[in-house]
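Coordinates in review
Each chain is listed here by its residues.
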Amino acid sequence: MEHLRTWSANGFRLELFDTYRTDSYGKCVLAFKFYHDDELIFEGDDFHASPLHAIDSDQTVGGLLNFLSLRPGDTDQEYFEGYSTRQMEWCRAHGEALSWHVEELENPVSD
């Protein structure tokens, strides 16, 4: 795996990695580690990046953070079935704050 980039803001940090794999649709499959205040909250090697953006772009980071910021009520309960108790607590407490950064990354304000 190759480290692509690190994104951080307000105690949140995302490490993004290229797995050199693609899915059946040709999308790049990325690995990630997401931290809050230096505590590892989520990690995986299964993020399928949009082919519309570079794999190290702000839009790709925003797309992944969008999934990580989901809270109960945002989507079907089945989405959270694999979450630990700690991850669920984190989502409820910090998911909304993380979602503010998603908006900034996916829809930057130009001067």
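An account of the accompanying structure is given in this report. Not measured: the values here are computed from a predicted model. (Residues numbered from 1 in each chain as written. Predicted model: local features only at pLDDT ≥ 70, side-chain atom pairs only at ≥ 80, totals over all residues. Heavy atoms only, no water.)

Here the focus is the overall build of the protein chain. A tally of regular secondary structure across the protein chain gives two helices and four strands. Beginning at the N terminus, the succession of helices and strands in the protein chain can be written as β-β-β-β-α-α. The globule rule puts the C-alpha radius of gyration for 111 residues at 13 Å, and the 14 Å found for the protein chain is close to it. Once the C-alpha set of the protein chain is aligned to its principal axes, its extents read approximately 40 × 35 × 25 Å. Every one of the 111 residues in the protein chain was classed for burial, and the buried ones make up 39%. Relative to all contacts within the protein chain whose residues are 6 or more apart in sequence, the contacts with residues 24 or more apart total 43%. Charged side chains of the protein chain number 8 positive and 22 negative; the gap between the two group centres comes to 3 Å. (Helix = DSSP H or I, 4+ residues; strand = E, 2+ residues; numbered from the N terminus. Rg over C-alpha atoms; globule rule 2.2 N^0.38 Å. Buried < 20%, exposed > 50% of the residue type's maximum accessible area, 1.4 Å probe, protein only. Contact = heavy atoms within 4.5 Å. Lys, Arg positive; Asp, Glu negative; His and termini not counted. Charge placed at Lys NZ, Arg CZ, Asp CG, Glu CD.)

Moving on, we come to the packing of aromatic side chains. Applying the stated criterion across every chain yields a total of 10 aromatic pairs. Between the aromatic rings of F12 and W90, the centroid separation amounts to 6.2 Å while the plane-to-plane angle is 80 degrees, which identifies the pairing as edge-to-face. In this pair, F12 sits in strand β2 (residues 12-22) while W90 sits in helix α2 (residues 85-106), placing the two residues 78 residues apart along the sequence. This pair shows no difference in class: F12 is buried, exactly as W90 is. Taking 5.3 Å as the distance between ring centres and 55 degrees as the angle between the ring planes, the aromatic pair formed by F42 and Y83 counts as tilted. Highlighted residues: F42 in strand β4 (residues 39-48) and Y83 in the loop between α1 (58-68) and α2, separated in sequence by 41 residues. Assigned by exposure class, F42 and Y83 land together as buried. An aromatic cluster is defined as three or more aromatic residues linked by ring pairs; in this entry it consists of F12, F34, F42, Y79, F80, Y83 and W90. In this arrangement the basic side chain of R13 is found over the ring face of Y35, its NZ or CZ atom lying 4.0 Å from the centre. (Phe/Tyr/Trp six-rings, centres within 6.5 Å; stacked < 30°, edge-to-face > 60°. Lys NZ or Arg CZ within 6 Å of the ring centre and 35° of its normal.)

Within strand β3 (residues 28-36), seven of the nine residues are buried, leaving the element largely enclosed by the surrounding structure. Judged from the nine bridges that link them, β2 and β3 form a sheet pairing that is antiparallel. When the bridges of β3 are listed, F17 appears paired with A31. Turn length for the β2-β3 hairpin, with the two strands adjacent in sequence and antiparallel, is five residues, and the turn residue G26 shows positive phi of about 85 degrees. Two elements, β3 and β4, share seven bridges in a ladder whose sense is antiparallel. Looking at β4, one finds that F32 is bridged to G44. (Pairing = 2+ DSSP bridges.)

A few words now on the nonpolar core. Of all hydrophobic cores here, the largest spans 25 residues; its most connected members are L14, F34, F42, L65 and L68. Within the residue set of this core, elements represented by two or more residues are β2, β3, β4, α1 and α2. Element by element, the count of residues in this core is highest for α2, at six residues. If we skip the residues at most four places from it in the chain, L65 touches W7, L14, F34, L98, V102 and L105. (Core = buried A, V, L, I, M, F, W, Y, C linked by side-chain atoms within 4.5 Å.)

These results come straight from atomic positions and should not be treated as a statement about function.
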